[in-house]
Amino acid sequence: MTHVLEVRGLSKSFDGVHAVRGVDFDLTEGEFLALIGPNGAGKTTCFNMLNGYLRPDAGSVRLRGAELIGRPPRKIWRMGVGRTFQITATFLSMTVLENVQMALISHHHRVFDLFSRATRLYVEQAMALLELVSMQDQARRACSELAYGDLKRLELAIALAHEPALLLMDEPTAGMAPSERIALMALTAEIVAKGGVSVVFTEHDMDVVFAHAHRILVLNRGELIAEGSGAEIRANPLVQEVYLGGGTSFVQEGAHA
Amino acid sequence: MGFYFAQLLTGLANASSLFLIASGLSIIFGVTRIVNFAHGSFYMVGAYLTYTLVTMWSGSVLGFWGGVILAAAAVGLLGLVIELTILRRIYKAPELFQLVATFGVVLIVQDVTLAIWGAEDLLGPRAPGLDRAVRIMGEPIPEYDLALIAIGPAVLLAIWLLFHRTRWGVLVRAATQDREMVGALGVNQAWLFSAAFVLGAFLAGLGGALQIPREAVSLQMDLSIIGEAFVVVVIGGMGSVSGAFVAAVLISVLNAFAILVFPQISIVLPFVVMAVVLIVRPYGLFGKPGSEHGAPEEPDQPLTLMSQRSAMVLATAVALLALSPAVAADFTMILLVDVMVATLFAVSLHFMMGIGGMVSFGHAAYFGVGAYGAAMAVKFFDFGMLPAMVFGPVCAATAAIFFGWFCVRLSGVYLAMLTLAAAQILWGVTFQWQDFTGGDDGILGVWPAKWASSDQVYFYVAFVLCIGGIWFLRRAAHSPFGYTLRGIRDSQTRAEAIGINTNLHQWMGFALAGGFAGLAGVVFAFSKGSVFPDSLGIAQSIDGLIMVLLGGIHALAGPIFGAVAFVMIEDWVTRLDYWRFIFGAIILIVVLLAPDGIAGGVRRLLRAVKGGAA
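Reading the values: the criteria
- Every residue gets a number counted from 1 within its own chain, in the order that chain's sequence is written.
- Written order determines the labels here, with chains lettered from A and ligands numbered from 1.
- Where totals are concerned, whole chains, interfaces and linings use all residues; where local detail is concerned, this predicted model gives features only for residues with pLDDT of at least 70, and gives and counts side-chain atom pairs only at 80 or more.
- Just so you know, side-chain values use all the structure's heavy atoms and leave hydrogens and water out.
- In DSSP terms, a helix is any run of H or I states spanning at least four residues, a strand is any run of E spanning at least two, and both are numbered starting from the N terminus.
- In this description the radius of gyration comes from C-alpha coordinates, and the expected globular size is given by 2.2 Å times residues to the power 0.38.
- Each residue gets one of three labels from its accessible area relative to the maximum for its type: buried under 20%, exposed over 50%, partly exposed in between, using a 1.4 Å probe on protein chains only.
- Between two residues, a contact is recorded if the distance between any of their heavy atoms is within 4.5 Å.
- The criterion for strand pairing is that DSSP finds at least two bridges linking the strands in question.
- Here the axes come from fitting lines to C-alpha atoms, over the contacting stretch only for helices, and the angles between their N-to-C directions go from 0 to 180 degrees.
- As a per-residue measure, pLDDT tells how confident the predictor is, with possible values from 0 to 100.
- By buried area we mean how much accessible surface two parts lose on assembly, using a 1.4 Å probe and totalling the loss over both.
- For this analysis, a salt bridge means a side-chain nitrogen from Lys or Arg found within 4 Å of a carboxyl oxygen belonging to Asp or Glu.
- By the criterion applied in these results, polar contacts are pairs of N or O atoms within 3.5 Å in which, for protein atoms, one can donate a hydrogen and the other can accept it, and in which residues neighboring in sequence qualify only through two side-chain atoms.
- Residue polarity follows a fixed list, in which Ala, Val, Leu, Ile, Met, Phe, Trp, Tyr, Cys and Pro are nonpolar, Asp, Glu, Lys and Arg are charged, and the others, Gly among them, are polar.
- Note that the domain bounds were set by an automatic or database domain assignment.
- Pairing of aromatic rings covers Phe, Tyr and the six-membered ring of Trp, with a centre-to-centre limit of 6.5 Å; geometry is then stacked below 30 degrees between planes, edge-to-face above 60, and tilted otherwise.
- In our convention, an over-ring charge means Lys NZ or Arg CZ found within 6 Å of a ring centre and within 35 degrees of that ring's normal.

**Digging into the overall build of chain A**
Check the secondary structure of chain A and you find 10 helices and 10 strands. For chain A, whose C-alpha radius of gyration is 19 Å, the value lies close to the compact-globule estimate of 18 Å for 257 residues. Projecting the C-alpha coordinates of chain A onto the three principal axes gives extents of approximately 65 × 40 × 35 Å. Evaluated residue by residue, chain A yields a buried proportion of 53% over its 257 residues. In chain A, the proportion of contacts linking residues at least 24 apart, taken out of those at least 6 apart, comes to 65%.

**Overview of the sheet that holds strand β10 (residues 223–228) of chain A**
All names here are of chain A. An order of β6-β7-β8-β3-β9-β10 is seen for the 6 strands of this open sheet, with the pairing classed as mixed. In this open sheet, the two edge strands, each paired with only one partner strand, are β6 (81–84) and β10. Strand after strand, the sheet turns through a mean of 20° between neighbouring axes, direction not considered. Against the sheet, helix α5 (residues 148–159) touches β6 and β7 (166–169), its axis set at about 170° to β6.

**Examining unusual backbone geometry**
Residues and elements named next belong to chain A. We note that S134 has phi near 55°; this positive angle belongs to a residue other than glycine. Relative to the elements of secondary structure, S134 occurs in the loop between α4 (123–132) and α5. Under the relative-accessibility criterion, S134 is labelled partly exposed at 48%. Positive phi values are uncommon outside glycine, yet E171 reaches one of about 45°.

**Some words on the confidence of the model for chain A**
All names here are of chain A. With 95% of its residues at a pLDDT of at least 70, chain A reaches an overall mean of 87. Ranking the elements of chain A by mean pLDDT puts helix α10 (residues 248–256) last, at 41, and helix α3 (residues 96–107) first, at 96. Confidence drops under a pLDDT of 50 for residues 247–257, and excluding neighbours within four residues, the segment shows 6 contacts in the predicted structure.

**What about the interface of chain A and chain B?**
On the chain B side, the residues contacting the 35 residues of chain A number 34 residues. In total, about 3,000 Å² of surface goes out of reach between chain A and chain B, with carbon and sulfur atoms giving 65% of it. At the junction of chain A and chain B, the tally comes to 1 salt bridge. For B:R494, the salt bridge goes to A:E155, with nearest N and O atoms at 2.9 Å. Linking chain A with chain B are 15 residue pairs in polar contact (both at pLDDT 80 or more), by the criterion used here. Looking at the side of chain A that touches chain B, the elements with two or more residues in it are α2 (73–78), α3 and α5 of chain A. Among the elements that make up the side of chain A that touches chain B, the one with the highest residue count is α3(A) (5 residues). In terms of residue class, the side of chain A that touches chain B is made up of 19 nonpolar, 7 polar and 9 charged.

**Considerations on the sheet that holds strand β1 (residues 3–14) of chain A**
Backbone hydrogen bonds hold the strands of a sheet together, and the pairing may be parallel or antiparallel. All names here are of chain A. Ordered in space as β2-β1-β4-β5, the 4 strands form an open sheet in which the pairing is antiparallel. Unpaired on one side and paired on the other, β2 (17–28) and β5 (66–67) mark the two borders of the sheet. In the sheet, β1 pairs with β2 via 8 bridges, with the strands oriented antiparallel. Along β2, the bridge assignment pairs L10 with V23. Lying on the sheet, helix α1 (residues 43–50) is in contact with β1, β2 and β4 (58–63); it crosses β1 at an angle near 120°.

**A closer look at the domain arrangement of chain B**
Residues and elements named next belong to chain B. Per the domain assignment, the segments of chain B are domain 1 (2–280) and domain 2 (328–613). The centre of domain 1, based on its C-alpha atoms, is set 31 Å off from the matching centre of domain 2. If you look at the interface, domain 1 gives 36 residues, while domain 2 gives 37 residues. Between domain 1 and domain 2 lies a buried interface of about 3,400 Å² when both sides are counted; carbon and sulfur atoms form 85% of it. By residue class, the composition of the side of domain 1 that touches domain 2 is 29 nonpolar, 4 polar and 3 charged.

**Some details on the packing of aromatic side chains**
Here the structure, examined in full by the defined rule, presents 33 aromatic pairs over all chains. Aromatic rings pair up to connect B:F37, B:F103, B:F230 and B:F361 into one cluster. Over the aromatic face of A:F210 sits the side chain of A:R234, whose NZ or CZ is 4.3 Å from the ring centroid.

Right under this line is the structure:
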């Protein structure tokens, strides 16, 4: 099996506090991987190093062998990494369709085109992407009128526009109603099942994680403490201690400070 | 040694005056996020009122200081009236729309002041008891300067106590950081805004009042101080009073010494310092991120292509314009050229501000560079009209590429201020580089080629260039390039995340807007036969802002409506006495009736009519 992503020795500290320490993991082609951990475990820091918003102190991140560290987010996107945001970021003054068209326009290197009409470009591809997330009926609506759950689905369509090898989803279901959460992740799982894209996501909602993730990584205080399938993670005493609390974590925290 | 010390003291005395006016501006911006152009007017009115009071009660120490305080208090009251009657109604309008309203106030105050005090400069009395000079290290120092040096820090201390020792002050500081939060905590924002405005106006009035013994009171005081006051506020960090103090001292002391080495520098020095500070610290010395934007806005509606009916109307208007030389008189031709030039200028500014979200307070720089580029090409290189018409916009685009590189690294008001600095630096160079630019006398004899010298033919030259330029920019707004610019304006994060190089794209947008402003400048230069430094001045930049904002920043047709209305009204009004008053009043009426600009007002009117018919 080939690895889409290889992460080695990823580390970052802020003012002497180790946010992430020596994280190693691989992502297999077509895998749906969850990165979980309690608040402050370093999930977001880890994520931001993968997508180029944060530069690690040490370590390497390779996408199909190509190093990502040191490249700006837009270059990483060009290499085939899509992403969605914890708090949605879309172009609010455009329609749903235009938002997807923009990603296609950028993918085809046409952002400096001064003469075409932007709304006439890549309409079919954009519609196909919207169909993938069942948003085709809302294609002509202004993005500013969408419900939050629909914005999340739109982001997913945008993130898939350049046919990425890897999709990074930061807290994809944050702020959504429980039924919408299940639906969004079921949709994502379907897309992964179709092949071509592998996903890493962070998540707070354990139901979502256990329902869909092929494999789960558990972070605590910046270090990977467990890895495995849903059943394995549930049975892992270390994970239980972190999540349910055994008192020891507080003692260790005191020792660090 | 004594001489340098004296120079330092002069600098510090200037710093005190500058601090008084800048601190008020900073407080107003911090709390209300209004860029208050009328602040210079408060300063001027303070000076005039003090002149009257102090001459009335001449001679006594109490009369002087009583007059100063009373005048400042009266200006505070004037500020309250303006806040209650005008600004309070438009706090929810698009960002910077209030700026247009305050500019309307500037015009009205100018004419009211003219009507009351006359056009002559007035020389006030010296301060009783402080009218001599003392010798310090052998150099004569005016006693009044020493008093000012003490007053500046005293006022700073008073404001500090007010802000840190009173509940009101705590609220003001809180509002400066996060307005919504303060509102959510149940504080009456309207009242807080009024109070901040009154305090700001009072400080500006005090600044003007204290200038009486130092300089003649004149009608130019308002606009001459406002540029420098903005600079001080921006260097200090918008909303920071102690920052304003440090910045005032920095600018004034630097200036006091720089003029010894290079006397001409005082015009551009503050702007150079501001540019350097903003490049190193994008939020000023004491400013914080997040202070650069006003209230969050409603997002724009998606762009739509013109309906068939609008396209017909537009085509008819353009056709009528094209046929007008057959029927219109020569002076109408000249007016129509002015309208086309202004429209292209406004559309280019809108491309930057409306579509790109990059507000410019100095767009005239590129208009002026275009005009001067063409004029200098004609004068020094014997260029014909057409080559000069290519050369001018190229110069403008080059200048925009140079200054834009710095500007696009900032956003919001800070970006606007850096564009203002760029424009002022270029203006200063044009004004003082006599050998090449003719300085104040400008460059004359920039006439069209022989074949284009009749008003009719030149009209068609202008028609092709301006309408062509407007068409191109409109087209560009609908192109992937324009959509990308709008995308970056909407969400920089999203734009980066789909692989867009946001800085590069905004930079190119800036350059394109600058190039087309330059084209407008070129057409202008050949229609007038001459260019003068005021083509890159603040007033020209503000005209552009008014056209865009009055027309409606959220609509592509906005700048067209705005520019046509602006030039027509200006042409009609400037023939009247007290035209500034009338013009200012018209601006205020539009602002109050149509807070979304003329285009927005027309759209609402059409909707109402349609709704009524259905």
